[in-house]
Amino acid sequence: MLSKLEHASDTKIRQLRQHYLSSSEAECAIRQVIRAQLDNSPLRVLETTTGLLCNQEAQISDFKTSKEYKELLSFAMKHSDIRMKRIQEVVAAYFGCVMLSHRWEEKEPLLHDIQGKVIYEWNLVGGILKLKSFCSIACDAGYRWAWSDTCCIDKSNNVELQESLNSMFIWYHHSALTIVYLSDVPPSSKPGALAKSEWIRRGWTVGEFLAPKVIRFYQKDWSLYLNDQSLNHKESVVIMQELGDATGIDQRALVSFNPGMRGAREKLKWASTRITTLQEDIAYSLFGIFGVHLPVIYGEKKHNALGRLLQEIVAWSGDITALDWAGKPSEFNSCLPADITSYKTLSHMLPSLFEDEMQTSVSFLRHAVTIDLASEFYTLLDNLSAPRFANCRLHLPCIAFPVRSVKWMRGHSPDKISFTYVVKADGLSDLRITTEDKPAQFSRTIPAHQTLLLVRPWSRHLLELHDSANDKQSVANWSTVDSSLYHLPSASSERASRFLRLGQPLGSVFDAFRGFSRETESADSETQRALRLIVRLGQPFSAFLLAQQPGGEYRRIASDQHIIAQVKEMASVHSMMDIRTLEIL
């Protein structure tokens, strides 16, 4: 039939051929949609009806022998207008997978335990009972495929393990349903039981409840938590409120989370109270949340795993909030923490300026600072490169304030030994630093050969330039100055008068004046931005204390608390012009 349409003498009849597909063409179209679907699906799943383990090729073979496939093939050959939409719907429905989120317990079945065996025929004890119940619920909900991290990954195959751990967040995100099993929440529990479950404290579960679009919570006896019969517990205000209160995660993020680098400091705080059986997993479990793909190297220890992740965040996003922590430094780099728990405390909330306060300060600076100096200062900072890592060394753009003296103060805490020091630095008000360690650099006074710096890490957000990629960063509430009307000074009026010529059309005079006015407004806008930058830099900031090493590099001296510094005089721009990019070990 299709051949006759192709060779018909009538053009309109030949055009009808475009509305139909041959059997092979329809098969090709369906195959492409299947491949796209499985690209975001687990490599190996359990068939919920048979209880057998299947790989993706077995899934495709099952589909091709199904009634759904035969009906879809016939449909795809005829209906060009809705062909692709129908193919996508049928493929998504057939290959939809249910993912399990749970806490590992004793005697969990592994891949080699169930391969080639029917899980429904096993003695229903321990992890097998959990697996069987999970598959049964998935099957009853109308899904053919189910996945559990206990038995659906070949952990002896390093390549598969790498791919699985880096893809797991995507699998949960594209799942048809994620079932959360709370083995320690008894039947008929009241609100609050979820918050007390051990599941909520595990490292991997953060991504497992953020990624899915559809999720349901089950109690120990596999009854629904709070007897909530809704198809998606992300639509339950009560459950999401409890989950948000227990995790500290905003409910909007719980319901609709977007992975990526934005809000890095907040995401690190989410993970700061989590625990994992393997120490490296505290970093690996965050790969999907930040949208990064890194090698999984068990045995490298947590400081290296976390260091590689934080290095990636800083390098790709330029977001220095990941450097905002208090505690012990990492062996990976002294500007990074040794442990995720260092992000447990909130980043220090510095006072923010209201717009009227900003304008008052800008007006003051117009009389206290030369415009050329302000512009030069702005340009120097605008030309700084973003922070970057190379061979575990951080190249950090910053404003440096040389330390002139460090004096020890007596005092102790009943809970722990700590040392407090009064630090004096050029251009800064005196400040105090508390640390558990007694750094070798600290003595009653600084030796002549010792170089210490207090630095302000540079962030381009202070320039108040619009960056669509960072609209949702913590600085999104910074106010932007709207263009305002400016009066031409007398010298400018004289310059403008040169545009007036006898006999010149009035319209062209106005056009010339408007062009000059825009030029003047642009120059004044640049001055305004430069002065606003100085005002911001005059506010309190979170500083790093750095000690120079014999090779010229620096190390960060960690503190138990955030080091909050402030310039002595906002108008003293020269004290802030020691702008450098330091190499930090």
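About the criteria used
- Residues numbered from 1 in each chain as written.
- Predicted model: local features only at pLDDT ≥ 70, side-chain atom pairs only at ≥ 80, totals over all residues.
- Heavy atoms only, no water.
- Core = buried A, V, L, I, M, F, W, Y, C linked by side-chain atoms within 4.5 Å.
- Buried < 20%, exposed > 50% of the residue type's maximum accessible area, 1.4 Å probe, protein only.
- Contact = heavy atoms within 4.5 Å.
- Axes fitted to C-alpha atoms, helices over the stretch in contact; angles between N-to-C directions.
- Helix = DSSP H or I, 4+ residues; strand = E, 2+ residues; numbered from the N terminus.
- Parallel < 35°, antiparallel > 145°, perpendicular 65-115°, else oblique.
- Left-handed = near helix turned anticlockwise from the far one by under 90°.
- Nonpolar A, V, L, I, M, F, W, Y, C, P; charged D, E, K, R; others polar.
- Expected span 1.5 Å × (residues − 1).
- Arc of directions from axis to C-beta.

**Student:** Describe the nonpolar core, and please don't skip the residues or the numbers.
**Tutor:** Counting 116 residues, the largest nonpolar core has Phe63, Trp147 and Phe217 as the members making the most contacts within it. Not counting residues up to four positions away in its chain, the partners in contact with Phe217 are Val180, Leu182, Leu194, Trp199, Ser223, Leu224, Tyr225, His233, Ile239, Met240 and Leu243. Counting 44 residues, the second-largest nonpolar core is a separate cluster that includes Ala374, Tyr378, Ala425 and Ala543.

**Student:** If you had to explain the packing of helix H3 (residues 23-39) against helix H6 (residues 83-95) to someone new, which residues and values would you point to?
**Tutor:** Geometrically, a packed helix pair is captured by the angle between its two axes and the distance between the axes. For the pair H3 and H6, the least separation of the axes is 10 Å and the interaxial angle reads 45 degrees. Relative to H6, H3 is oriented oblique. Here H3 and H6 pass one another in a crossing that is right-handed. Contacts between H3 and H6 involve Ala29, Ile30, Val33, Ile34, Gln37 and Leu38 on the former and, on the latter, Met84, Ile87, Gln88, Val91, Ala92 and Phe95. Classifying every residue of the contact of H3 with H6 gives ten nonpolar, two polar and no charged.

**Student:** Which residues make up unusual backbone geometry, and what values go with them?
**Tutor:** Non-glycine residue Trp222 carries a positive phi angle of around 65 degrees. Residue position: Trp222 is located in the loop between strand E6 (215-218) and helix H12 (237-247). Note on Trp222: relative accessible area 14%, which makes it buried. Of note in the backbone geometry, Leu226 takes a positive phi value of approximately 60 degrees without being a glycine. In this structure, Leu226 sits in the loop between E6 and H12. The exposure class assigned to Leu226 is partly exposed, which follows from its relative accessible area of 25%.

**Student:** For helix H18 (residues 355-368), give the residues involved together with the corresponding values.
**Tutor:** Here H18 contains 14 residues, and its C-alpha end-to-end distance of 20 Å stays within 8% of the 20 Å for a straight helix at 1.5 Å per residue. Turning to H18, its buried residues number three or more, namely Met358, Ser361, Val362 and Leu365. Along the long axis of H18, the arc covered by the buried residues comes to 105 degrees, so they all point the same way. Turned more than 90 degrees from where H18 packs its buried face, Asp356, Thr360 and His367 sit exposed.

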